[in-house]
Every structure is written in C-alpha cells, then in structure tokens.
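Examining the three-dimensional arrangement
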Amino acid sequence: MKTLYVHIGAPKTGTTSIQKFCQENKEILEKKGYCYPKFPWKYQVPPTRRNALFLYKEIYDEHGNRMKEEEARRAAGGFRMVSELFGTFENVILSDEILWHAFYKRKKTIWKELREEGEKNGYKVKIIVYLRRQDEYVSSWWNQIIKTGAKTPQTGYEMITWEQYSSKVPKSMHLDYFSALEEIASDLGRENIIVRRFQVKDFFGGSIQTDFLHCLGLEATDEFLIEKEYVNLKLSGNAPEIKRILNTIPGQTSEEKSFFKNVLLDCSPVFQQYYPCQMFSADEARAFVSRFEESNRRVAQEYLGENESSLFAGEFKQDEKWEKNNPCMQDDMIRFMGEVSLNLLGRVNEQQQEIDRLRREMDRMKSAVRNPLKWIWKRIRTKLGSST
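A few points on the structure. (Residues numbered from 1 in each chain as written. Predicted model: local features only at pLDDT ≥ 70, side-chain atom pairs only at ≥ 80, totals over all residues. Heavy atoms only, no water.)

1. Some words on the environment of leucine 246
What counts, and what does not: Helix and strand assignments come from DSSP, with helices taken as H or I runs of at least 4 residues and strands as E runs of at least 2, each series counted from the N terminus. We call a residue buried when its accessible area falls under 20% of the maximum for its residue type, exposed when it is over 50%, and partly exposed in between, using a 1.4 Å probe and counting protein chains only. The contact rule is simple, with two residues in contact once any of their heavy atoms fall within 4.5 Å.
Along the polypeptide, leucine 246 turns up in helix α10 (residues 239-246). The buried category is assigned to leucine 246, whose relative accessible area is 12%. Sequence-wise, leucine 246 and asparagine 121 are 125 residues apart; in three dimensions their C-alpha atoms are separated by 50 Å. Among residues more than four places away in sequence, those in contact with leucine 246 are Gln252, Phe260, Leu264 and Phe336.

Written out as structure tokens, the structure is:
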C-alpha cells in the first residue's frame, strides 16, 4: 500500500543528518519508489531540507499578525501535492523534528488530519521517531536554546539559566515518551509508529542514515551516498554561560548572535579540555531519568516488543557538574576575548587587502583616463606577450 512516512524527530536526534541524506540521495530514493519532496513555500527558517513545515508552521505578516487563512491554504496545498506524488511514487517522506513539539499546543489536530488525508486519498501514514535518554535530551536542547539565542516558553527571552530550565522543563518536550506516543497512536495506531533509540550501538548498520533506511524498508546498498554524519556542535565548558549572558544584550541582530556563537564554538574544545563538565551531575541525571522509568519501560514493551529490556542502557557520565563560580571562568573569559579580537583583526586585514586591491584598480583606471593611448599600447603588449 502507498505509504507516507513522517519523520518527527524528536529534537537533538540526528535529524539534520537524515534530512541531508534524503536530499543528497533524492534520485536514488526516487528510483526505488521513495520521494523526498520540496514544497514551494518559504518560511523564516534557513534550512530548505525541512519539508514538513506546511503541516504545522505558523505564519505572520510584517505587522506580527497571524495569517491563519494562509496557514490553512498551505496545509491544503501540501496535502494535495503529497496526493499527486502518490501518482508517481509508492512512498513519500516528510521530515521535521519540531513536529515532536508541535502537537502539544500549536497543532493538536495534526495526527487526525494526517489520518483523514490518508484515508481520503488511499495511503497509510507511518510515523518515525527517535528517542534520546531524557537527561541528554534536556541538556542538549537547553544548550541549543542558548547557542542560537532562541526564545523560550518560560521567560520569552534567550537568557534562561540551566537551573530555571531543568527545574521546569516545558511540557511540549514530551519527556513522558509513552504518553506522547499513545497520543499519536490514538489517531494513527501503534502499528504505524516506528520507534528507534538514539544510541549509536542500536543503529541498524551502524549509522543514523542506514538505520533510517531500515525504517523505510530499504537496504543501505553501495548506491547510496552516506557521508559523515552531520554533527550539530554544542557549546562546552563555560561557553554556554558566556553565551547566555551575551544573549541579554538588547537589540542584537541574527548576524551578531551568530558571530558570538561561532567564536564560542571555536573556543569550546579548549574550554572543555581545561574544565570537563556537564550540566547534570551523574547522580542528578540518574534521578532525573528515574522519574520516567515506568514510561520508558512501557515504550520498550509496547513499541519495541522488549518485555525484559530497559529503553535506555549505558552509564551516566562522570564529568564534574558545571558550577558558575568555577576556577576556569576567568581564564575562559580571557580566551574568549582574545579569540574575538583575533577574529575581528582577521576581518580588518581582509578588508584592508580588499581596499588595497580597489585602490590599485582605481590607479590603473586613472592612468588609463590620463594617457589612453599609452594604456591601450600597454594592454596590447601584454596580450602579445601572453600569446607567444
């Protein structure tokens, strides 16, 4: 039967690697009957590889007013295009990690709409979701918020501390995985939800790309281009706290936020070398995950068919818990300031080189204007010399 595969994340589980893989292998996938389509609408998000935005994305005009009619028009248009694609392909793939968040508040009807569209147009809907151990998911998502300067549900600002975030994690993260999956299953059925662990040792074929192919029912043959997995680098050591404070500077442009982010990403390996740390202590991480022990057990049992297995195995990292008043903070601030200075100096040097080049070009043009015949003769001699 024709199948719409909807990959919904969860966030921080290698989604970009999957999307890049689907884009780079578009032609091979299509030969095998799988289409990873591109839709015509533009959104205020840079990556064009996210092709499921029409399912949930809110749209606003230049005055900040929500355009619900336009949202509905795009959703209808997207579903229509998917149905048309099934005239050529047996399978269509959509992917966006924020779908894991979206059904909490922004689009509660999303699974019902997918089911109804499938029933109306003769295709079934299968959900693919990767789940990451809760402590790793939370700390990684907070790191992403701080790194990008994104606004948060709690404060509306990009300056939330780790203590604030970890003590009141947004419900939209769906850390109770079993309840979240059951909500999807209530519309689409458990049999149509493919659950995978985001743990390298559990990836079929050893990589997220080969594992995703396995979810689609495909074998990772030599035809597929499988490049090195994309790594969404995180801020390490004292870098998140430095970036969090920088986020409090009002009126920053996206370019300015990106500048600070990139400098701190460059600094992070050194920061982590001198101060190897993590946001949860090992005991805190263990206690945090234990809150979801029953939920995790039921996911393993009901969705993976593993009656005696825990959903997540492995040790908790023993790195020191990050503390603000750590002895490396002052040194790291000096390193950061030095890196910023060197970065800016490099840009100044590049601009000076460009200015010098333009001045030389201007001098040549002035000479040509003052002595046109001499300039023409020089050009002719140059050409004659190069042709011999």
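2. Observations regarding the nonpolar core
Here is the rule we go by: The nonpolar core is taken to be a set of buried Ala, Val, Leu, Ile, Met, Phe, Trp, Tyr and Cys residues, with the residues joined through side-chain atoms within 4.5 Å.
In terms of nonpolar packing, the biggest core is built from 83 residues, with Leu4, Leu55, Trp100 and Leu131 touching the most fellow members. Once residues lying within four places of it in the same chain are set aside, the contact partners of leucine 55 are Val6, Phe79, Leu94, Leu99, Lys107, Ile110 and Leu114. Counting 21 residues, the second-largest nonpolar core is a separate cluster that includes Ile18, Cys22, Tyr34 and Leu218.

3. Some points on the pairing of strand β5 (residues 193-197)
What counts is decided by this rule: By the convention used here, strands pair only if DSSP detects at least 2 bridges between them.
With 5 of its 5 residues buried, β5 lies for the most part within the structure. On β5, burial covers both faces: Ile193, Val195 and Arg197 on one face and Ile194 and Arg196 on the other are all buried. Taken together, the 5 bridges between strand β4 (residues 124-131) and β5 define a ladder with parallel strand orientation. Bridging from a neighbouring strand, isoleucine 127 pairs with isoleucine 193 of β5.

4. Focus: the side chain of glutamate 241
Selection rule: By the criterion applied in these results, polar contacts are pairs of N or O atoms within 3.5 Å in which, for protein atoms, one can donate a hydrogen and the other can accept it, and in which residues neighboring in sequence qualify only through two side-chain atoms.
Looking at the secondary structure, you find glutamate 241 in helix α10. Separated by 3.0 Å, the side chains of glutamate 241 and lysine 324 make a polar contact. If we ignore the near neighbours within four places in the chain, the residues touching glutamate 241 are Trp322, Lys324 and Met329.

5. Some details on helix α12 (residues 282-290)
In an α-helix, one turn spans 3.6 residues; hence positions three or four apart end up facing the same way. Rules: Starting at the helix axis, one direction is taken to each C-beta atom, and the arc is that of these directions.
Burial in α12 covers these residues: Ala282, Ala285, Phe288 and Val289. When α12 is viewed along its axis, its buried side chains cluster within an angular range of 125 degrees and face the same direction. Of the surrounding secondary structure, the elements contacted by the buried residues of α12 are α6 (134-148), α7 (162-167), β6 (277-278) and α13 (293-302).

6. So, the environment of glutamine 272
Along the chain, glutamine 272 falls in helix α11 (residues 254-274). Residues contacting glutamine 272, with those up to four places away along its chain left out, are Ser236, Gly237, Cys277 and Asp319. Separated by 3.4 Å, the side chain of glutamine 272 and the backbone oxygen of cysteine 277 make a polar contact.

7. So, the sheet that holds strand β1 (residues 3-7)
Applicable threshold: Between N-to-C directions, angles span 0 to 180 degrees; the directions come from axes that are lines fitted to C-alpha atoms, helices contributing only their stretch in contact.
One open sheet accounts for 5 strands, arranged β2-β3-β1-β4-β5; its pairing is parallel. Of all the strands in the sheet, just β2 (34-35) and β5 have a single pairing partner and so form its edges. Packing against the sheet, helix α9 (residues 208-216) makes contact with β1, β2, β3 (91-95), β4 and β5, and its axis sits at approximately 150 degrees to β4.

8. Comments concerning the pattern of salt bridges
The criterion, for reference: Only one rule defines a salt bridge in this text: a Lys or Arg side-chain nitrogen within 4 Å of an Asp or Glu carboxyl oxygen.
Applying the stated criterion across every chain yields a total of 28 salt bridges. One salt bridge in this structure joins arginine 196 and aspartate 211, with 2.6 Å as the shortest N-O distance. Here arginine 196 is found in strand β5, whereas its partner aspartate 211 is found in helix α9, with 15 residues between them in sequence. Of the two residues, arginine 196 and aspartate 211, neither departs from the other in class, the shared state being buried. The salt bridge partner of aspartate 332 is arginine 335, with a shortest N-O separation of 2.6 Å. Taken as a pair, aspartate 332 and arginine 335 lie in helix α14 (residues 329-370) at a separation of 3 residues, close to a single helical turn. For aspartate 332, a relative accessible area of 0% gives the class buried. Each member of the salt-bridge network shares a partner with another, and the members are Arg132, Arg133, Asp135 and Glu136.

9. Structural notes on a nonpolar patch on the surface
Let me state the cut-off plainly: Patch membership needs two things, relative accessible area over 30% and no salt bridge, and members are linked within 9 Å if like-charged or within 5 Å if nonpolar (Val, Leu, Ile, Met, Phe, Trp, Tyr). The accessible surface values rely on the Shrake-Rupley method and a 1.4 Å probe; as for residues, cover is taken only from the protein chains in view.
Together, Leu342, Leu345 and Val348 make up an exposed nonpolar region whose accessible area comes to about 290 Å². Mapped onto the secondary structure, leucine 342 falls in helix α14. Judged by relative accessible area, leucine 342 falls into the exposed class, the value being 58%.

10. A few points about the packing of helix α8 (residues 177-188) against α13
Which entries qualify depends on this criterion: Our angle categories are set so that under 35 degrees counts as roughly parallel, over 145 as roughly antiparallel, 65 to 115 as roughly perpendicular, and the remainder as oblique. Residue type decides the class: Asp, Glu, Lys and Arg count as charged, Ala, Val, Leu, Ile, Met, Phe, Trp, Tyr, Cys and Pro as nonpolar, and the leftover types, Gly among them, as polar.
Here α8 crosses α13 at 45 degrees, and the two axes come no closer than 7 Å. The pairing of α8 with α13 is recorded here as oblique in orientation. Contacts between α8 and α13 involve Tyr177, Phe178 and Leu181 from the former and Ser295, Asn296, Arg298, Val299 and Glu302 from the latter. The residue inventory of the contact of α8 with α13, partitioned by class, reads 4 nonpolar, 2 polar and 2 charged.

11. Quick look at the packing of aromatic side chains
Two aromatic rings, taken as a pair, are described by how far apart their centres are and by the angle between their planes. Note the following rule: Classification of ring pairs uses Phe, Tyr and Trp, with its six-membered ring standing for Trp, and accepts pairs whose centres are within 6.5 Å; under 30 degrees between planes counts as stacked, over 60 as edge-to-face, and the remaining range as tilted. For a Lys NZ or an Arg CZ to count as sitting over a ring, it must be within 6 Å of the ring centre and within 35 degrees of the ring normal.
The tally for this structure, following the rule as stated, stands at 20 aromatic pairs. With a centroid separation of 6.3 Å and an interplanar angle of 50 degrees, the aromatic rings of tryptophan 41 and phenylalanine 54 are classed as tilted. Remark: phenylalanine 54 occurs in the loop between β2 and α3 (68-85) and tryptophan 41 occurs in the loop between β2 and α3; sequence separation between them is 13 residues. Summarising the burial analysis for this pair, tryptophan 41 and phenylalanine 54 share the class buried. With a centroid separation of 5.8 Å and 55 degrees between ring planes, the pair formed by phenylalanine 259 and phenylalanine 260 is classed as tilted. Here phenylalanine 259 and phenylalanine 260 have matching classes, each one buried. Pairwise contacts between aromatic rings join Trp100, Phe103, Trp111, Tyr177 and Phe312 into one cluster. The ring of tyrosine 43 carries the charged tip of arginine 74 above its face, separated from the ring centre by 4.9 Å. One residue, arginine 335, lies across the ring of tyrosine 274, its end atom 4.3 Å from the ring centre.

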